[in-house]
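Topology and contacts: notes
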Amino acid sequence: MRLALLQFARKEELDENLRHAVELLSSVKDVDLVVLPENWASKRILSHDEHHTIVEELGKLAKARGYVVVAGAHYVSGPSEALSLGVALTPSGEAYEYDKHYPSSAIGERSFIRAGWRTTVFNVGGVKVGVVVCVDLMYPEVVRRLTLRGADVILNPSSIPADRISLWRAVGRARAAENTVFVASVNNTMTYYPDGRRVAGGSFVASPEGELILDAGVEEGVYVADLDLSHVLKVRSRWSFLEDVKRSVDKIRREYYRG
């Protein structure tokens, strides 16, 4: 699988950001999958119509360019409360939605968005891919559930400040190794948190052994990594973490149904 991460320098206006993202991605070719960060188009709560416009434009791009687009995640208004919503768009027009399950208490997200519930595992050229939004990577159970559903690649659209990016790499590498999967985290850059902290890129891809195979630095741009999926099987032949968990889950199920 050839994977492209768009490390994005967000500006203030949604329309400007959408135009710039489409411009950058229109030059990308010979990839299977493109991933954008969290809140790349705007840091405010978007209306349903604004979010639909983003999805529509990126869906056109997926169809025209022949790759899957994972459109990050944005705060989107709902009937009663907003949530952090993302969508994966295929060239054939399919759309797979996912949410942030654990809004960040550290930056006050829980005061204006609710916890989500949707997860997704979708196919890209026969490879199963799952998505966890930003801080959900800190919850190993969320990633493990996707892996138990067959995901060999975990994507993490994020918006992480520069003072936390070294921690984020460590967490991503741990999630990759404990599940023997690829973990790809894509971040914004050249922008700021509401509290003034700098966001300065640092997007990365970790291998099933927890090694960094891509480190994007701070510059805006499209960063490409080639993922050798045979490496997943090779690592799992030596590291039995996932099989041990599957056996434990099966044992619990058998005991439950006997009881």
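Read on for an overview of the structure. A quick note: this is a predicted structure, and the numbers were derived from the prediction, not measured. (Residues numbered from 1 in each chain as written. Predicted model: local features only at pLDDT ≥ 70, side-chain atom pairs only at ≥ 80, totals over all residues. Heavy atoms only, no water.)

1. So, empty space enclosed by the protein
Per the stated rule, a full pass over the model turns up one cavity of 30 Å³ or more. Size it by volume and the largest cavity reaches roughly 30 Å³. Contributing to the lining of the largest cavity are Asp-99, His-101, Arg-118, Thr-119, Val-131, Val-132, Val-133, Asp-136 and Val-142. By residue class, the composition of the lining of the largest cavity is four nonpolar, two polar and three charged. (1 Å grid on protein atoms, 1.4 Å probe; cavity = no way out; pocket = protein on both sides within 12 Å on 5 of 7 lines; lining within 4 Å. Points joined across faces, edges and corners; volume = space filled by probe spheres on them. Nonpolar A, V, L, I, M, F, W, Y, C, P; charged D, E, K, R; others polar.)

2. Structural notes on the pattern of salt bridges
Evaluation of the coordinates by the stated rule reveals 17 salt bridges. Residue Glu-97 pairs with Arg-118 through a salt bridge whose shortest N-O separation is 2.8 Å. Taken together, the residues Glu-97 in strand β6 (residues 95–99) and Arg-118 in the loop between β6 and β7 (121–124) connect sequence positions 21 residues apart. Judged by relative accessible area, Glu-97 falls into the partly exposed class, the value being 36%. (Salt bridge = Lys/Arg side-chain N within 4 Å of Asp/Glu carboxyl O. Helix = DSSP H or I, 4+ residues; strand = E, 2+ residues; numbered from the N terminus. Buried < 20%, exposed > 50% of the residue type's maximum accessible area, 1.4 Å probe, protein only.)

3. Some thoughts on helix α3 (residues 140–148)
Counting along an α-helix, one turn takes 3.6 residues, and residues three or four places apart therefore face a common direction. Looking only at α3, the buried set comprises Val-142, Val-143, Arg-144, Leu-146 and Thr-147. Gly-150 lies just past α3 and shows a positive phi near 105°.

4. Quick word on the packing of aromatic side chains
One pass over the full model with this rule turns up five aromatic pairs. Consider the rings of Tyr-75 and Phe-112, whose centres lie 5.1 Å apart with planes at 85°: the pair is edge-to-face. Of this pair, Tyr-75 sits in strand β4 (residues 74–76) while Phe-112 sits in the loop between β6 and β7, and the two are 37 residues apart along the sequence. With a relative accessible area of 6%, Tyr-75 lands in the buried category. Residues Tyr-102 and Tyr-139 carry aromatic rings whose centres are separated by 3.9 Å and whose planes lie at 10° to one another, so their mutual orientation is stacked. Here Tyr-102, found in the loop between β6 and β7, pairs with Tyr-139, found in the loop between β8 (127–131) and α3; they are 37 residues apart in sequence, far enough to count as distant. (Phe/Tyr/Trp six-rings, centres within 6.5 Å; stacked < 30°, edge-to-face > 60°.)

5. Concerning the environment of Val-121
Along the chain, Val-121 turns up in strand β7. If we ignore the near neighbours within four places in the chain, the residues touching Val-121 are Lys-128, Val-129, Leu-146, Arg-149 and Ala-151. (Contact = heavy atoms within 4.5 Å.)

6. Notes on the sheet that holds β8
The strand order β7-β8-β9-β10-β13-β14 describes an open sheet built from six strands, whose pairing is mixed. Both outer strands of the open sheet, β7 and β14 (212–215), are each paired with one neighbouring strand and no more. Across this sheet, the average inter-strand angle for adjacent strands is 20°, counted without regard to direction. Here strand β10 (residues 182–186) runs beside strand β13 (residues 204–206); their pairing, made up of three bridges, is antiparallel. Among the inter-strand pairings, Ser-185 is bridged to a residue of β13, identified as Phe-204. Most of the contacts of helix α4 (residues 165–179) go to β13, to which it runs at about 30°, and overall it touches β9 (153–157), β10, β13 and β14. (Pairing = 2+ DSSP bridges. Axes fitted to C-alpha atoms, helices over the stretch in contact; angles between N-to-C directions.)

7. Overview of the packing of helix α1 (residues 14–26) against helix α2 (residues 48–65)
Closest axis-to-axis distance for the α1/α2 pair is 11 Å, and the angle between their directions is 10°. Classified by the angle between their axes, α1 and α2 sit roughly parallel to one another. Of the residues in α2, those touching α1 at Leu-14, Leu-18, Val-22, Leu-25 and Ser-26 are Glu-50, Thr-53, Ile-54, Glu-57, Leu-58, Leu-61 and Arg-65. Each residue belonging to the contact of α1 with α2 can be placed in one class, and the counts come to seven nonpolar, two polar and three charged. (Parallel < 35°, antiparallel > 145°, perpendicular 65-115°, else oblique.)

8. Some words on the nonpolar core
For soluble globular proteins, the rule of thumb is that nonpolar side chains tend to be buried together. Among the nonpolar cores identified, the biggest contains 46 residues, and Met-1, Leu-3, Leu-33, Val-70, Val-153, Leu-155 and Leu-227 are the most heavily contacted of them. Those residues in contact with Leu-33 that sit more than four places away from it in its chain are Met-1, Arg-2, Leu-3, Ala-4, Tyr-67, Val-68, Val-70, Val-124, Val-129 and Leu-155. (Core = buried A, V, L, I, M, F, W, Y, C linked by side-chain atoms within 4.5 Å.)

9. As for the environment of Ser-240
Among the secondary structure elements, Ser-240 is positioned in the loop between α5 (230–238) and α6 (241–258). For Ser-240, a relative accessible area of 36% puts it in the partly exposed group.

10. A look at a negative patch on the surface
On the surface, Glu-12, Glu-13, Asp-15 and Glu-16 cluster together into a negatively charged patch. If you trace the backbone, Glu-13 turns up in the loop between β1 (2–7) and α1. (Patch = residues over 30% accessible without salt bridge, like charges linked within 9 Å, V, L, I, M, F, W, Y side chains within 5 Å. Areas by Shrake-Rupley, 256 points an atom, 1.4 Å probe, with all protein chains shown as cover. Lys, Arg positive; Asp, Glu negative; His and termini not counted. Charge placed at Lys NZ, Arg CZ, Asp CG, Glu CD.)

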